[in-house]
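# Inside the fold
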Amino acid sequence: MSYILRNCDFVLTLSGEDLRILRNVNVLIENGVIVEIGDVKGSGYEEIDCSGHIAMPGLVNAHTHTPMSLLRGFFDDAELPTWLNKMWSVERELTPDIIALGSELSIIEMIMSGTTAFIDMYYHPEVTAEIALKYGVRAMLGPPFMDTYVNAVQVENELRNFYVKYVHSSLIKPIVNIHSIYTVGKDTLLRAKELSEALNLPIHIHISETRDEIYESKKRYGVFPVEYLNMLGIVTNKTQLVHLGWVTNWELGLISRAGAKVIHAPTSNMKLATAGHFPMKELMSMGVTVALGTDGPASNNSLDMFREMKMAVLLQRHSYWDVGIKAIHAFRAATINGYKLLGVRGGCLDKGCVADLVLLDAGSPRLQPLRSDNLLSNIVYSADGSDVDLVMVNGKVIYEKSRDYYALKERVKIISEDLNDFIQRFL
Ligand SMILES: [Zn+2]
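Everything quoted here is computed from the prediction, not taken from an experiment.

## Here we look at the overall build of the protein chain
- When its secondary structure is counted, the protein chain shows 15 helices and 18 strands.
- By principal-axis analysis of the C-alpha atoms, the protein chain measures approximately 65 × 45 × 40 Å.
- Here the protein chain holds 427 residues, and the buried ones make up 52% of them.
- Long-range pairs, those at least 24 residues apart, make up 74% of the contacts in the protein chain between residues at least 6 apart in sequence.

As structure tokens, this is what we get:
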């Protein structure tokens, strides 16, 4: 399908690293890719009226645990170790059917709030992948290695099957997920590394999230967590490190030299009281790709990436006592950098970028008064997911508020009732 977005009030995009704002332009899309933008005409295209709207790149939630919306609001006031044990007590009882309900709820929430792609760590990834395909959103997923929960051989087999099934999918990408160095042993880490090399897949891992993790790593291995991963050959340009709240400057050097990518999850870190400081400024100055994620909907508890962009800037300013981290940094992290992690040319509205985009209501009260000079600022600090009117992924309209809103709410109502039936026995 070919589309023309006609007469967009504003187009907000990144040209390389630089912000670019266009007024009153058309966007041409063919075969899932943006082919022209500007004062262009097109005939034979399906028309989308873009007047009264801001077109911007779709948002990437670069770290989440999609099915965990089933545990939203279940246990909100504990620090990470206690919280994890409580989550695991329910997760041991989950069936693929329940996981599917949680994933569907999250995917609906994500697409309604402008997320066009997500990176997921959870059991039964094929369940979530099928729902992602049904709704037309991009996802990178794989079963997590976690010795405390499941045998590593079983995870490897599951990942190999997942890989075979989805390696040629245009929307689904496999990944090697490792929960953390405190839930897997050395043999499993090495097994995961070999799989990543054999199948040419990225590795995604929670690391340096709490002080306890650091103390334990020093006690057991004599080194800090990122150093430990590096000793095992796991810090490479295919590695995605999540959290990094407690990380030394020499570990940052290892990350930068290897070309590893990092993901900041500010809200979840604050809510779980993991404290520390994600050194965003230092990482960016070293040229490291920084992306943003909400973490799971049981620890955030929202999947709204607009909120997450704002939270990232605020937490960084709070930690550094200065304003060096700006709206543009959060916007890059949530768009173009997220797509770098996916290995897709996206996060941009430019010739050759995938047509993963969002139309925001330019008349939303939250965004007024609106001008080119405050557009980015208003989007990062004031917009929220409810300002999203249309979402396109891979050149296909996957959400249009005027068409889909009430049907999706009906579906959400049914899912919510089923999830409450399930969770009753744990309350
Ligand atoms: Zn996580």
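## Structural notes on the nonpolar core
- Val 27, Ala 55, Leu 292, Met 309 and Ala 330 are the most contacted members of the largest nonpolar core, which has 132 residues in total.
- The dominant element in this core, judged by the number of residues it contributes, is helix 2 (residues 96–112), at nine residues.
- The two domains that each donate at least three residues to this core are domain 1 (3–58 + 349–407) and domain 2 (60–342).
- The contact partners of Ala 55, leaving out residues within four places of it in the chain, are Leu 5, Cys 8, Val 11, Val 27, Cys 50, Leu 349, Leu 357 and Leu 359.

## Looking at the domain arrangement of the protein chain
- Structurally, the protein chain comprises domain 1 (3–58 + 349–407) and domain 2 (60–342).
- Relative placement of domain 1 and domain 2: their C-alpha centres are 28 Å apart.
- Between domain 1 and domain 2, the contact holds 21 residues from the first and 26 residues from the second.
- Among the elements of the structure, helix 14 (375–381), strand 17 (388–393) and strand 18 (396–400) are those that each provide at least two residues to the side of domain 1 that touches domain 2.
- Residue contributions to the side of domain 1 that touches domain 2 peak at four residues, all from helix 14.

## Looking at the sheet that holds strand 9 (residues 144–145)
- Overall, parallel pairing links the six strands, which are arranged 9-11-12-13-14-15 in an open sheet. Where the open sheet ends on each side, the last strands, each with one partner, are strand 9 and strand 15 (290–292).
- Sheet topology note: the strand 13 (residues 239–243)/strand 14 (residues 261–264) ladder contains three bridges and is parallel. Considered in strand 14, the bridge of Gln 240 is made with Lys 261.

## Focus: the environment of Ala 291
- With respect to the element layout, Ala 291 can be found in strand 15.
- In contact with Ala 291, other than residues within four places in its own chain, are Val 60, Ala 62, Lys 261, Ile 263, Ala 333, Asn 337, Gly 338 and Leu 341.

## Concerning the packing of helix 2 against helix 3 (residues 125–135)
- Put simply, helix 2 and helix 3 touch, their axes get as near as 9 Å, and they point 40° apart. The hand of the helix 2/helix 3 crossing is right-handed. Counted together, Pro 96, Ile 99, Ala 100, Ser 103, Glu 104, Ile 107 and Ile 111 of helix 2 and Val 127, Thr 128, Ile 131, Ala 132 and Tyr 135 of helix 3 form the full contact between these two elements.

## Let's talk about the environment of Trp 88
- Assignment of secondary structure puts Trp 88 in helix 1 (residues 80–91).
- A sequence separation of 311 residues divides Trp 88 from Tyr 399, and the C-alpha atoms of the two residues are 33 Å apart.

## A look at the pairing of strand 18
- Here strand 17 runs beside strand 18; their pairing, made up of four bridges, is antiparallel. Pairing of Val 393 across the sheet is with Lys 396, part of strand 18.
- Counting the residues that bridge the hairpin from strand 17 to strand 18 gives two residues, and of these Asn 394 lies at a positive phi of roughly 55°.

## A closer look at unusual backbone geometry
- A cis amide bond links Asn 300 with the next residue in sequence, Asn 301, at an omega value of 10°.
- Topologically, Asn 301 is positioned in the loop between strand 15 and helix 11 (305–320).
- The residue Asp 295 is not glycine, and still its phi comes out positive at about 70°.
- Within the secondary structure, Asp 295 sits in the loop between strand 15 and helix 11.
- Residue classification places Asp 295 among the buried positions, given that 27 C-beta atoms sit within 10 Å.
- Within the chain, Asn 394 stands out as a residue other than glycine whose phi angle is a positive 55°.
- Structurally, the position occupied by Asn 394 is in the loop between strand 17 and strand 18.

## What about the sheet that holds strand 7 (residues 115–121)?
- Overall, parallel pairing links the four strands, which are arranged 6-7-8-10 in an open sheet. Edge positions in the sheet fall to strand 6 (59–64) and strand 10 (172–174), since each of these pairs with one other strand and no more. Strand-to-strand twist of the sheet, defined as the mean angle between neighbouring strand axes without regard to direction, takes the value 15°.
- Pairing geometry for strand 8 (residues 138–142) and strand 10, over three bridges, is parallel. Counted as the bridge partner of Met 140 is Lys 173 from strand 10.
- The strands that helix 3 touches are strand 7, strand 8 and strand 10; relative to strand 8, the one it contacts most, it runs at about 175°.

## Structural notes on helix 12 (residues 327–334)
- The buried fraction of helix 12 is high, at seven of eight residues.
- Within helix 12, burial applies to Ala 327, His 329, Ala 330, Phe 331, Arg 332, Ala 333 and Ala 334.

## Things to note about the pairing of strand 14
- Because side chains alternate across strand 14, one face comprises the buried residues Lys 261 and Ile 263, and the other comprises Val 262 and His 264, equally buried.
- At this point the chain moves from strand 13, through helix 8 (residues 249–258), to the parallel strand 14, and the crossover so formed is right-handed.
- Bridge analysis of strand 14 against strand 15 gives three bridges, and the strand direction is parallel. Within the sheet, the bridge partner assigned to His 264 lies in strand 15 and is Leu 292.

What counts, and where the lines are drawn
- Residues numbered from 1 in each chain as written.
- Predicted model: local features only at pLDDT ≥ 70, side-chain atom pairs only at ≥ 80, totals over all residues.
- Helix = DSSP H or I, 4+ residues; strand = E, 2+ residues; numbered from the N terminus.
- Buried ≥ 20, exposed ≤ 12 C-beta atoms within 10 Å, placed from the backbone.
- Contact = placed C-beta atoms within 7 Å.
- Core = buried A, V, L, I, M, F, W, Y, C linked by C-beta atoms within 7 Å.
- Domains from an automatic or database assignment.
- Pairing = 2+ DSSP bridges.
- Axes fitted to C-alpha atoms, helices over the stretch in contact; angles between N-to-C directions.
- Left-handed = near helix turned anticlockwise from the far one by under 90°.
- Right-handed = clockwise from strand over helix to strand, strands pointing away.

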